[in-house]
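These are the residues of each chain, in order.
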Amino acid sequence: MDLDDAVETMSGRDGRRAAEAEQALFAAGPPGVAAVARGLIDPRPHIRKACARWGDHHGTDGFVPHLLAALDDPVAGVRREAVHALACQRCKPVPLTVDLTARLREIAVGDPSTRVRYQATWAMCAHGTDDATRTLLRRMRAEDHEPRIRRLAHELLRRHDPAYRAEVDARARLTYRARTEPDPQSPRAETA
């Protein structure tokens, strides 16, 4: 199979043929990687998206610059696939060694697409957090205009920020007590 044809096939609707093309590109080694890299700049968005998705399973440190370029793609679906490919380590044969946390933080607050921002927010915490990321998550939790992003920031903070988790748990205990303990001002409390 011609490698450029394999890139085309990989972006098609036939899942079996797409998987075969993906494997053929991977098996071809550097020429296959070069074909996928060319696909990331193809004028057709579905080709670019498939090539970014290829990077999720077969991307290496050498492929990272191509995925980084895809983060500026005009199509949100391509950017989202590139973010996922850069962040997801479990699908790759060898984990990436490049630290992309700072770039993912930029995308999490600056991308015009909520879906891309959501993916980048998850991705920047996929392998732990640092103080800058926790600070950004707190800001996103308090200020982001998108409820879905605020909820994700809350969940990630509960998972990665012990101080935030303690604050949330303390508020929850106060709310629970307020609902379950009798109010001394109420008439029912006097009769008990």
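Residues numbered from 1 in each chain as written. Predicted model: local features only at pLDDT ≥ 70, side-chain atom pairs only at ≥ 80, totals over all residues. Heavy atoms only, no water.

**Some words on the overall build of the chain**
Here comes step 1: Scanning the chain for helices and strands turns up 12 helices and 0 strands.
Here comes step 2: What you see in the chain, going N to C, is helices and strands ordered as α-α-α-α-α-α-α-α-α-α-α-α.
Here comes step 3: Here the C-alpha coordinates of the chain stretch approximately 85 × 35 × 30 Å along the principal axes.
Here comes step 4: Counting only residues that meet the buried cut, the chain has 40% of its 192 residues in that class.
Here comes step 5: By element, 53% of the accessible surface of the chain is carried by carbon and sulfur atoms, the whole surface being about 10900 Å².
Here comes step 6: The chain carries 31 positive and 28 negative side-chain charges, and their two centres are separated by 5 Å. (Helix = DSSP H or I, 4+ residues; strand = E, 2+ residues; numbered from the N terminus. Buried < 20%, exposed > 50% of the residue type's maximum accessible area, 1.4 Å probe, protein only. Areas by Shrake-Rupley, 256 points an atom, 1.4 Å probe, with all protein chains shown as cover. Lys, Arg positive; Asp, Glu negative; His and termini not counted. Charge placed at Lys NZ, Arg CZ, Asp CG, Glu CD.)

**Describing helix H9 (residues 131–143)**
Quick reminder: α-helices carry 3.6 residues per turn. Residues three or four places apart thus point the same way.
Here comes step 1: Relative to the 18 Å expected for 13 residues at 1.5 Å per residue, H9 spans 18 Å between its end C-alpha atoms, a close match to the ideal helical length.
Here comes step 2: Burial in H9 covers these residues: Thr133, Arg134, Leu136, Leu137 and Met140. Buried residues in H9, looked at end-on, bunch into an arc of 160°, giving them a common side. Among the exposed residues of H9, those pointing more than 90 degrees away from its buried face are Asp131, Thr135, Ala142 and Glu143. (Expected span 1.5 Å × (residues − 1). Arc of directions from axis to C-beta.)

**Overview of the side chain of Ser113**
Here comes step 1: The residue Ser113 is located in the loop between helix H7 (101–110) and helix H8 (114–124) in this model.
Here comes step 2: On the basis of relative accessibility, which here comes to 14%, the residue Ser113 falls in the buried class.
Here comes step 3: At 3.3 Å, the side chain of Ser113 and the backbone nitrogen of Arg115 are in polar contact.
Here comes step 4: Not counting chain neighbours up to four residues away, the residues in contact with Ser113 comprise Ala76 and Arg79. (Polar contact = N/O pair within 3.5 Å; in protein donor to acceptor, adjacent residues only side chain to side chain. Contact = heavy atoms within 4.5 Å.)

**Concerning H7**
Here comes step 1: Thr101, Leu104, Arg105, Ile107 and Ala108 are the residues of H7 that are buried. All buried residues of H7 fall inside an arc of 165° around its axis, so they share one side.
Here comes step 2: Buried-residue contacts for H7 involve helix H6 (76–87), H8 and H9.

**With respect to the environment of Ala123**
Here comes step 1: Position of Ala123 among the secondary structure elements: in helix H8.
Here comes step 2: For Ala123, a relative accessible area of 4% gives the class buried.
Here comes step 3: Spatially, the C-alpha atoms of Ala123 and Asp111 are 14 Å apart, while their sequence positions differ by 12 residues.
Here comes step 4: Among all residues touching Ala123, those that are not within four sequence positions of it are Val83, Ala87 and Leu104.

**Comments concerning the layout of surface pockets**
Here comes step 1: Reported here for the largest pocket is a volume of approximately 220 Å³.
Here comes step 2: In terms of lining residues, the largest pocket is bounded by 17 residues, among which Val98, Asp99, Leu100, Thr101 and His127 are the most central.
Here comes step 3: Those elements that place two or more of their residues in the lining of the largest pocket are H6, H7 and H8.
Here comes step 4: Partitioning the lining of the largest pocket into residue classes produces 9 nonpolar, 6 polar and 2 charged. (1 Å grid on protein atoms, 1.4 Å probe; cavity = no way out; pocket = protein on both sides within 12 Å on 5 of 7 lines; lining within 4 Å. Points joined across faces, edges and corners; volume = space filled by probe spheres on them. Nonpolar A, V, L, I, M, F, W, Y, C, P; charged D, E, K, R; others polar.)

**Quick word on the side chain of Arg79**
Here comes step 1: Take Arg79: it is sitting in helix H6.
Here comes step 2: Among the polar contacts made by the side chain of Arg79, one reaches the side chain of Asp111 at a distance of 2.8 Å.
Here comes step 3: Discounting residues that sit within four places of it in the chain, Arg79 has contacts with Ala70, Leu71, Asp72, Asp73, Pro74, Asp111, Pro112, Ser113 and Val116.

**Side note on the packing of helix H4 (residues 45–58) against H6**
Here comes step 1: Axis separation between H4 and H6 bottoms out at 8 Å; the angle between their running directions is 10°. Relative to H6, the element H4 lies roughly parallel. Listed contacts from H6 to Pro45, Arg48, Lys49, Ala52, Arg53, Gly55 and Asp56 of H4 are Gly77, Val78, Glu81, Ala82, His84 and Ala85.
Here comes step 2: Per-class residue counts for the contact of H4 with H6 are 5 nonpolar, 3 polar and 5 charged. (Axes fitted to C-alpha atoms, helices over the stretch in contact; angles between N-to-C directions. Parallel < 35°, antiparallel > 145°, perpendicular 65-115°, else oblique.)

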